[in-house]
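# Architecture at a glance
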Protein chains: 2
Amino acid sequence: MADEEQTSDQILEEDTMQEEQSTDVIQTDDISGSDDSPKQEKPENTEKPENTKEKPKSVKEKLKRDMEQMKEKFSKLLLGEDMSGGGKGVSSALALSNVITNLAASVFGEQHKLAPMKEDSKKRWRKEVDWVLSVTNYISEFVPVQHTARDGSNMEIMVTKQRKDLIMNIPALKKLDKMLTDCLDNFKDQKEFWYVSKDANESEKGVQRNDKWWLPTVKVPPGGLSEDSRKWMQKQKDCANQVLKASMAINAEVLAEMQIPETYLETLPKNARDSLGETIYKSITVEFFDSGQFLASMDFSSEHKVLDLKNKVEASMIIWKRKMTQKESRSSWGSSAKMERRELFEERAETILLLLKQRFPGLPQSSLEMSKIESNKDVGHAVLESYSRVLESLANTVMNRIEDVLYADEVAQNSSESNDEESDQTSTSTTISDVMGWKGAQGET
Amino acid sequence: MADEEQTSDQILEEDTMQEEQSTDVIQTDDISGSDDSPKQEKPENTEKPENTKEKPKSVKEKLKRDMEQMKEKFSKLLLGEDMSGGGKGVSSALALSNVITNLAASVFGEQHKLAPMKEDSKKRWRKEVDWVLSVTNYISEFVPVQHTARDGSNMEIMVTKQRKDLIMNIPALKKLDKMLTDCLDNFKDQKEFWYVSKDANESEKGVQRNDKWWLPTVKVPPGGLSEDSRKWMQKQKDCANQVLKASMAINAEVLAEMQIPETYLETLPKNARDSLGETIYKSITVEFFDSGQFLASMDFSSEHKVLDLKNKVEASMIIWKRKMTQKESRSSWGSSAKMERRELFEERAETILLLLKQRFPGLPQSSLEMSKIESNKDVGHAVLESYSRVLESLANTVMNRIEDVLYADEVAQNSSESNDEESDQTSTSTTISDVMGWKGAQGET
């Protein structure tokens, strides 16, 4: 789709003599000076003073080019993806959400190795994320503040402030973003593992977890990593895990804030039994419910099946919830036993969803989530949801790449202990494809 | 309203630590390099190479500031004026239209004298109009073009091109814009007339047409302008008039393209008689109709009354039109005499509207026009309509200021011919307040 746009732009440019607009997809430099948060280091900026002295014209030209790119990006956002100009496109909220999703896909899509991001990609990411985030700077609300008058008396006055959810979460997400890219940068100087192409000879090839044939293989020294390296890797893993958990939490919070769209409610079956099917319905509504046992009995042999279960349980949860509130408002003398049962089942459904989320990070969006994102009109929620979602996804990828190395290390250790038996995979697996060992090129980003 | 926004931004900035964003309302310099049309001169650009060498840092800083301003402008557009971020604001189309309207009001609002625009204002105008117009660069449509293959055979292929109405009108409007600001620039070196404050002593004061007490008075040499100056003034007037006519034509064309909103149709009376009132209805539906006579019989003693007539006639025109099409679709055997009468009246209404438009340029928008602008979702139409409307308004103001000078010239000529009788105003009057000599501070821009 990005290619398609590119093509039309080129034709447009040739045919209609547009002003100065560049259609480069990948930027080669960034001098917009976008910082992360005030206290963080600015590695990209250190060379700037020299640049300014040596080739001022070039700096100016780059800024101008950035400006043209920004104009183009914002113009397309304003058109809401309806390039006919007819205003029949998507809302600003969805347009911004899509911009982040697509940007992340093209910037992080190729993170197959533990290595610093390409300089170009990183700069493009920083620059374009900064454009999108800048919109949230202008989202404000009235809040009361204590004001001390000259005579010392206190009074409450109303002032305009950036909206609270944005004040809280945007800096947090920027920090997580920085942590994650710094984490990747840390791998710049590591020498104890390296990658060998998946197309190399069998003899040269390294280790590959779970038949992920589309990834390069990992090589470690005979006998495995040094103790220091192993500890260091664990530290990186902890860092990525922290980013994963935090961005998951923000994403879940924002999605919970979004209203359930009418269009979703209209597609719901009449009752939870219809949604879940007889077998699953019975498993959830048994007298003594054990969530671990429940999950153990489920068929998770493909990502599709996990997602299908999530969709069904999510739908049932909402059906039960709605019946509870409808009952409450309709009559105060409703069958209280029935109500209690619904409440119980609804809680069980929530537990299952939570466990699924923990066990399968990086699972694609459920029907409810997609429906919420598409119907959402709130620009602030759109930015928070999309930014946290792509960070969650990237953190998950980094975790996986670290697991790959730790697995190769383990294999090497076992071999050097002359243990010729096939080593079991004992490292903690965190993703759905790690757990399942699914074959095929599932997207991980 | 601009002041209000300014205030909230300042508070926002103090309280929430925003990044680099400036809230200057008036820009002091423009180095965005926005050109008008490829063939026109670029007076602002000639000094740039020197600037670049002498103070590269400053150029960079200015570009960065421009970029921050652009980010702010586009961010607010994306929020559709709903600063809560909730997406309950106006469409992109209306937001862009309002930006142009407000920009023109703050830049041209003070054009009380024939003099070059202030450098600051002109640069701000060029820069911000350029931002808005850039959106139209990305509005495209599929068009068939003849393609000659290598073997010489011809085929039709579809390519993406900027939308036709925009290809036609945006460069035209930019040219009109340039003509008008150039026209104002031309007055830089003129020495044969000057302005004296409206608050000056009676003895020092110059001439003022039509009790426009809020304008400075015009002084010309005793005996009036030189023959050359008079001819030169006429040339400037012709130029402004050309801009006025052309922008009026584009504005009318775009407004005609916009659909009549349902909300407007719902407020229409059931028939034209109810809309026009008995007297006017009779005047339009007489057997022998003379538009000149009709207008002569109307009460145009205030702008409000002219606008009221326009609203009524516009409503009747639409009522008649709708009845004609409804009849056609309902039954083919409708009373053909009645149909013919409606067609006749509808044509008369159109004639009246055309005459009103010619006689009273600068009349505020009618109910129908406002309704169309508010409901319009087409971004291209929004930009064309608002840009042509503000140019029409500015051209009208310039025409008026030229008339002021020509009138002062005439008064001086008459005085020097020792003609002590009160001189009649014989110069062509083109605006509603010129014709009426309304008292009070009617806005002219």
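Residues numbered from 1 in each chain as written. Chains lettered and ligands numbered in written order. Predicted model: local features only at pLDDT ≥ 70, side-chain atom pairs only at ≥ 80, totals over all residues. Heavy atoms only, no water.

## Brief notes about the overall build of chain A
Basically, it comes down to this: A run of H or I in DSSP counts as a helix once it spans at least four residues, and a run of E counts as a strand once it spans at least two, with each numbered from the N terminus. Burial status follows relative accessibility: with a 1.4 Å probe on protein chains alone, a residue under 20% of its type maximum counts as buried, one over 50% as exposed, and anything between as partly exposed. What makes two residues a contact is simply this: any of their non-hydrogen atoms within 4.5 Å. The protein chains shown are the only cover counted for residues, whose accessible areas, like all others here, come from Shrake-Rupley with a 1.4 Å probe.
Each helix and strand in chain A was counted, giving 16 helices and 4 strands. For chain A, with 445 residues in total, the buried portion stands at 50%. Taking contacts inside chain A between residues at least 6 apart in sequence as the whole, the part at least 24 apart equals 75%. Approximately 22400 Å² of chain A is accessible, and the part contributed by carbon and sulfur atoms is 50%.

## Observations concerning the pattern of salt bridges
Residues and elements named next belong to chain B. To keep things clear, this is the line we draw: In what follows, salt bridge is the name for a side-chain nitrogen of Lys or Arg lying within 4 Å of a carboxyl oxygen of Asp or Glu.
Tallying each qualifying case throughout the model produces 42 salt bridges over all chains. For Arg 124, the salt bridge goes to Glu 128, with nearest N and O atoms at 3.2 Å. Placement of the pair is Arg 124 and Glu 128 together in helix α5 (residues 119-136), with a separation of 4 residues, close to one helical turn. Since its relative accessible area comes to 4%, Glu 128 is described here as buried. A salt bridge links Lys 178 to Asp 182; the shortest N-O distance between them is 3.0 Å. Residue Lys 178 and its partner Asp 182 are both found in helix α6 (residues 164-185); the two are separated by 4 residues, about one turn of the helix. On the basis of relative accessible area, Asp 182 is assigned to the partly exposed category, the value being 30%.

## Brief notes about the packing of α6 of chain B against helix α15 (residues 379-416) of chain B
Residues and elements named next belong to chain B. For clarity, the cut-off: Note on geometry: axes are C-alpha line fits, over the in-contact stretch for helices, and angles between N-to-C directions span 0 to 180 degrees. Note on terminology: angles under 35 degrees are roughly parallel, angles over 145 are roughly antiparallel, angles of 65 to 115 are roughly perpendicular, and the others are oblique. Each crossing gets its hand from how the near helix is turned against the far one by less than a right angle, where anticlockwise is left-handed and clockwise is right-handed. Residues are grouped as follows: nonpolar covers Ala, Val, Leu, Ile, Met, Phe, Trp, Tyr, Cys and Pro; charged covers Asp, Glu, Lys and Arg; every other residue, Gly included, is treated as polar.
The N-to-C vectors of α6 and α15 enclose an angle of 25°; their axes lie 10 Å apart at closest approach. As far as their axial angle goes, α15 and α6 are roughly parallel. Seen along the crossing, α6 lies across α15 with a hand that is left-handed. For the pair α6 and α15, contact is made by Asp 165, Leu 166, Asn 169, Ile 170, Leu 173, Lys 174, Leu 176, Asp 177, Leu 180, Cys 183 and Leu 184 and by Gly 380, His 381, Val 383, Leu 384, Tyr 387, Ser 388, Leu 391, Leu 394, Ala 395 and Val 398, respectively. For the contact of α6 with α15, the per-class residue count stands at 14 nonpolar, 4 polar and 3 charged.

## So, the pairing of strand β2 (residues 154-162) of chain B
Residues and elements named next belong to chain B. In plain terms, the rule: Any two strands are treated as partners once DSSP identifies two or more bridges connecting them.
As paired elements, strand β1 (residues 140-148) and β2 share 9 bridges and run antiparallel to each other. Bridging from a neighbouring strand, Phe 142 pairs with Thr 160 of β2. Remark: 5 residues form the turn of the hairpin made by β1 and β2, two consecutive strands paired antiparallel; Gly 152 in that turn has positive phi of roughly 90°.

## Section: the environment of Val 405 of chain B
All names here are of chain B. Tracing the chain through its elements places Val 405 in helix α15. Its relative accessible area of 0% is what places Val 405 among the buried residues. Along the chain, Val 405 and Ser 229 lie 176 residues apart, while their C-alpha atoms are 11 Å from each other. In this structure, Val 405 is in contact with Leu 114, Phe 193, Tyr 195, Val 218, Val 220, Leu 225 and Met 233, ignoring residues within four places of it in sequence.

## Some thoughts on a negative patch on the surface
Residue and element names in this part refer to chain A. In plain terms, the rule: Patches draw on residues past 30% relative accessible area with no salt bridge. Two like charges within 9 Å are joined, as are two nonpolar side chains (Val, Leu, Ile, Met, Phe, Trp, Tyr) within 5 Å. As used throughout, the charge tally considers Lys and Arg to be positive and Asp and Glu to be negative, leaving His and the chain termini uncounted. Think of each charge as sitting on NZ of Lys, CZ of Arg, CG of Asp or CD of Glu.
Negative charge collects at one region of the surface, where Glu 340, Glu 343, Glu 347 and Glu 350 lie side by side. Considering the arrangement of structural elements, one finds Glu 350 in helix α13 (residues 336-359). Among the residues examined, Glu 350 registers a relative accessible area of 38% and is labelled partly exposed.

## Describing the side chain of Ser 316 of chain A
Residue and element names in this part refer to chain A. Counting through the fold element by element, Ser 316 comes out in helix α12 (residues 303-330). For Ser 316, a relative accessible area of 1% corresponds to the buried category. Non-local contacts of Ser 316, meaning those with residues more than four positions away in its chain, are made with Ala 272, Ser 275 and Leu 276.

## Details of the packing of aromatic side chains
Residues and elements named next belong to chain B. As a reminder of what qualifies: Within 6.5 Å between ring centres, the rings of Phe, Tyr and Trp (the latter by its six-membered ring) count as paired, and their orientation is classed by plane angle as stacked under 30 degrees, edge-to-face over 60, tilted in between.
Enumeration according to the criterion identifies 17 aromatic pairs over all chains in this entry. Summarising the aromatic geometry, the rings of Phe 187 and Trp 232 are spaced 5.1 Å apart at their centres and angled 75° between planes, so their arrangement reads as edge-to-face. In this pair, Phe 187 sits in the loop between α6 and β3 (194-196) while Trp 232 sits in helix α7 (residues 227-257), placing the two residues 45 residues apart along the sequence. Seen in terms of ring centroids, Phe 289 and Phe 294 are 5.8 Å apart; in terms of plane orientation they differ by 50°. Their pairing is tilted.

## Digging into the nonpolar core
The cut-off we apply is this: Only buried Ala, Val, Leu, Ile, Met, Phe, Trp, Tyr and Cys residues count toward a nonpolar core, and they belong to the same one when joined by side-chain atoms within 4.5 Å.
Membership of the largest hydrophobic core comes to 132 residues, with the highest contact counts inside it found for Trp 125 and Phe 193 of chain A together with Trp 125 and Phe 193 of chain B. When near neighbours in sequence (up to four residues on either side) are disregarded, Trp 125 of chain A contacts Leu 103, Ala 104, Val 107, Phe 108, Met 117, Asp 177, Tyr 387, Val 390 and Leu 391 of chain A.

## Structural notes on the state of the cysteines
Cysteine pairs can be covalently joined through their sulfur atoms, and such a bond is termed a disulfide. Residue and element names in this part refer to chain A. This is how it is decided: The criterion for a disulfide is a pair of cysteine sulfur atoms lying within 2.5 Å.
Counting across every chain of the model gives 0 disulfides over all chains. There is no disulfide at Cys 239, and the cysteine sulfur nearest it, in Cys 183, is 4.7 Å away. Given the relative accessible area of 19%, Cys 239 is considered buried.

## With respect to unusual backbone geometry
Positive phi outside glycine occurs at Glu 81 of chain A, with the angle close to 70°. Tracing the chain through its elements places Glu 81 of chain A in the loop between α3 (56-78) and α4 (92-108).

## A few points about the confidence of the model for chain A
Regions with low pLDDT carry predicted coordinates that are not meant to be interpreted in detail. Residue and element names in this part refer to chain A. We apply this condition: Per-residue confidence from the predictor is reported as pLDDT, a score between 0 and 100.
Per-residue pLDDT for chain A averages 79, and the proportion of residues at 70 or more is 78%. The low-confidence segment residues 1-56 (pLDDT under 50) makes 104 contacts with residues lying over four places distant or belonging to another chain. Within the model, pLDDT remains below 50 along residues 434-445, and this stretch shows 36 contacts once partners closer than five positions in the same chain are excluded. If you check the scores for this complex, the pTM reads 0.76 and the ipTM reads 0.73.

## So, helix α6 (residues 164-185) of chain A
Just so we agree on the cut-off: What a helix should span is 1.5 Å times the count of its residues minus one.
Helix length check: α6 of chain A, at 22 residues, gives a terminal C-alpha distance of 32 Å against a target of 32 Å (1.5 Å per residue), a fit within 8%. In this structure, the buried side of α6 of chain A is in contact with α5 (119-136), β2 (154-162), α7 (227-257) and α15 (379-416) of chain A.

## Some remarks on the packing of α4 of chain A against α5 of chain A
All names here are of chain A. Packing of α4 against α5 leaves a shortest axis separation of 10 Å and a crossing angle of 170°. Judged on the interaxial angle alone, α5 and α4 are roughly antiparallel. Listed contacts from α5 to Leu 96, Val 99, Ile 100, Leu 103, Ala 104, Ser 106, Val 107 and Phe 108 of α4 are Ser 121, Arg 124, Trp 125, Glu 128, Val 129, Val 132 and Val 135. A breakdown of the residues in the contact of α4 with α5 according to their chemical character gives 11 nonpolar, 2 polar and 2 charged.

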